[in-house]
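Fold and geometry: a report
Here's the letter readout for the chains.
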Amino acid sequence: MIDSLLDEYGVIGGDHDQHFLVDDNFLNQIVDSAELTENDTVLEIGAGIGNLTEKIAERVHKLYAVELDPDLCDILIERFADYDNVEIIEGDILDIELPEFNKVVANLPYSISSHITFKLLKHEFELGILMYQYEFARRMVSPKNSKDYSRLTVTTNFFADASIIMKVPRSAFKPAPEVKSAVVKLIPRPASFDVVDEDFFLTFVTAVFGQRRKKLRNAILNTNSKLGIANVKDVVNKLPDEYMNKRAENLEPSELAYIANQLFNFKTT
């Protein structure tokens, strides 16, 4: 069925390097993982020709399917013309105002996965089932002291519980991508640690992971133009050596939050 749709529409990846998930088994697993009901309103990002869209639409009250490529939008509009619960939104997910939804299910555009994820995490929803490049997914869930532990890990941990629920082989896509893929389950929740100011904490995390080979003391000093801490050398010297003599990658999210909270008390800009 899916292969015939690709042939019918003459689609081989569109204008934005799309790789369409065509393996029915994985499509079903993704939809099953979202535990969809007739009460759900779902956001799908990068709907393509609607392979995943169709399976979601059969189970939910409302589906917003966002697609950037105008040619693919024409295909989606034609394919789902008889579906009262599907609304096709043409546009860039990073630019549009998100509709209200309680679940998000998507095969994300890998080139902007980070930007999409940060935008989603600042929006209220109950559950996300999201396909990523495998290396990106691994960075979302990595423990401290690992090479994949990063700003993405800490930010994700601040907003949600994340877990890799399945790996998806290249053969499940048409055309086959060059990278491996994985599906991540995101469950938003309140942070498990306190931060004095959310924006400052996220700025701090970005700054110190941008200096990930530096000990935290030097990372803060080197990035104070972004942090705006008054008398930064004096402040840093008063903070615990058990943190200051480690790199950002050696600290738990809660430990990074503690340092950010101490610094915020001296922020002047």
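Our structure is the block above this text.
Residues numbered from 1 in each chain as written. Predicted model: local features only at pLDDT ≥ 70, side-chain atom pairs only at ≥ 80, totals over all residues. Heavy atoms only, no water.

1. Topic: the overall build of the protein chain
Looking only at helices and strands, one finds 13 helices and nine strands in the protein chain. Along the three orthogonal principal directions, the C-alpha set of the protein chain runs to about 65 × 35 × 30 Å. Going through the 269 residues of the protein chain one by one, you find that 51% of them count as buried. Just so you have it, the protein chain exposes about 12,900 Å², and 44% of that area is on carbon and sulfur atoms. If the 29 positive side-chain charges of the protein chain are averaged to one point and the 43 negative ones to another, these points end up 15 Å apart. (Helix = DSSP H or I, 4+ residues; strand = E, 2+ residues; numbered from the N terminus. Buried < 20%, exposed > 50% of the residue type's maximum accessible area, 1.4 Å probe, protein only. Areas by Shrake-Rupley, 256 points an atom, 1.4 Å probe, with all protein chains shown as cover. Lys, Arg positive; Asp, Glu negative; His and termini not counted. Charge placed at Lys NZ, Arg CZ, Asp CG, Glu CD.)

2. Considering unusual backbone geometry
The linkage connecting K174 with the following residue, P175, adopts the cis geometry, with an omega of -10°. With respect to the secondary-structure elements, P175 resides in the loop between strand 8 (173-174) and strand 9 (181-188). Positive phi outside glycine occurs at E35, with the angle close to 50°. Looking at where E35 falls in the secondary structure, it is placed in the loop between helix 2 (24-33) and strand 2 (41-45). Overall, the relative accessible area of 54% leaves E35 in the exposed class. Of note in this structure, N231 is not a glycine but carries a positive phi near 50°.

3. Some points on the pairing of strand 4 (residues 86-90)
In terms of strand pairing, strand 3 (residues 62-67) meets strand 4 through five bridges, oriented parallel. Residue pairing across strands places E67 opposite E90, the latter belonging to strand 4. At this point the chain moves from strand 3, through helix 4 (residues 70-79), to the parallel strand 4, and the crossover so formed is right-handed. (Pairing = 2+ DSSP bridges. Right-handed = clockwise from strand over helix to strand, strands pointing away.)

4. Topic: the environment of V232
Positionally, V232 belongs in helix 11 (residues 232-238). With 134 residues separating them in the primary sequence, V232 and L98 have C-alpha atoms 39 Å apart. For V232, the residues in contact, after removing those within four places along its chain, are I220, L221 and N224. (Contact = heavy atoms within 4.5 Å.)

5. Considering the pattern of salt bridges
This structure, assessed with the given rule, holds 12 salt bridges. Between E249 and R213 there is a salt bridge; the shortest N-O distance is 3.0 Å. On the criterion of sequence distance, the pair formed by E249 in the loop between helix 12 (241-244) and helix 13 (253-264) and R213 in the loop between helix 8 (198-209) and helix 9 (216-222) is long-range, its members being 36 residues apart. Taking the relative accessible area as the measure of exposure, E249 reaches 11% and is therefore buried. (Salt bridge = Lys/Arg side-chain N within 4 Å of Asp/Glu carboxyl O.)

6. Side note on the nonpolar core
L120, F201, F204 and I220 are the most contacted members of the largest nonpolar core, which totals 59 residues. Looking at this core, the element that brings in the most residues is helix 8, giving eight residues. Once residues within four sequence positions are removed from consideration, I220 is found in contact with F204, V208, L227, V232, V236, M244, I259 and L263. Residues A65, L76, V86 and A172 belong to the second largest nonpolar core, which totals 27 residues. (Core = buried A, V, L, I, M, F, W, Y, C linked by side-chain atoms within 4.5 Å.)

7. Examining helix 2
If you check which residues of helix 2 are buried, you get F26, L27, I30, V31 and S33. Along the axis of helix 2, the buried positions cluster into a sector of 160°, meaning they face one direction only. Among the residues of helix 2, the N-terminal cap falls to D23, whose side-chain oxygen and the backbone nitrogen of N25 are separated by 2.9 Å. (Arc of directions from axis to C-beta. Polar contact = N/O pair within 3.5 Å; in protein donor to acceptor, adjacent residues only side chain to side chain.)

8. A word on the sheet that holds strand 4
A sheet is described by the order of its strands in space; here seven strands give the open sequence 4-3-2-5-6-9-7, paired in mixed fashion. The open sheet has two edge strands, strand 4 and strand 7 (160-168), and neither has a second partner. Between one strand and the next, the sheet's axes are offset by a mean angle of 20°, whatever the strand orientation. Sheet contacts for helix 7 (residues 151-159): strand 7 and strand 9; angle to strand 7, the most-contacted strand, approximately 120°. (Axes fitted to C-alpha atoms, helices over the stretch in contact; angles between N-to-C directions.)

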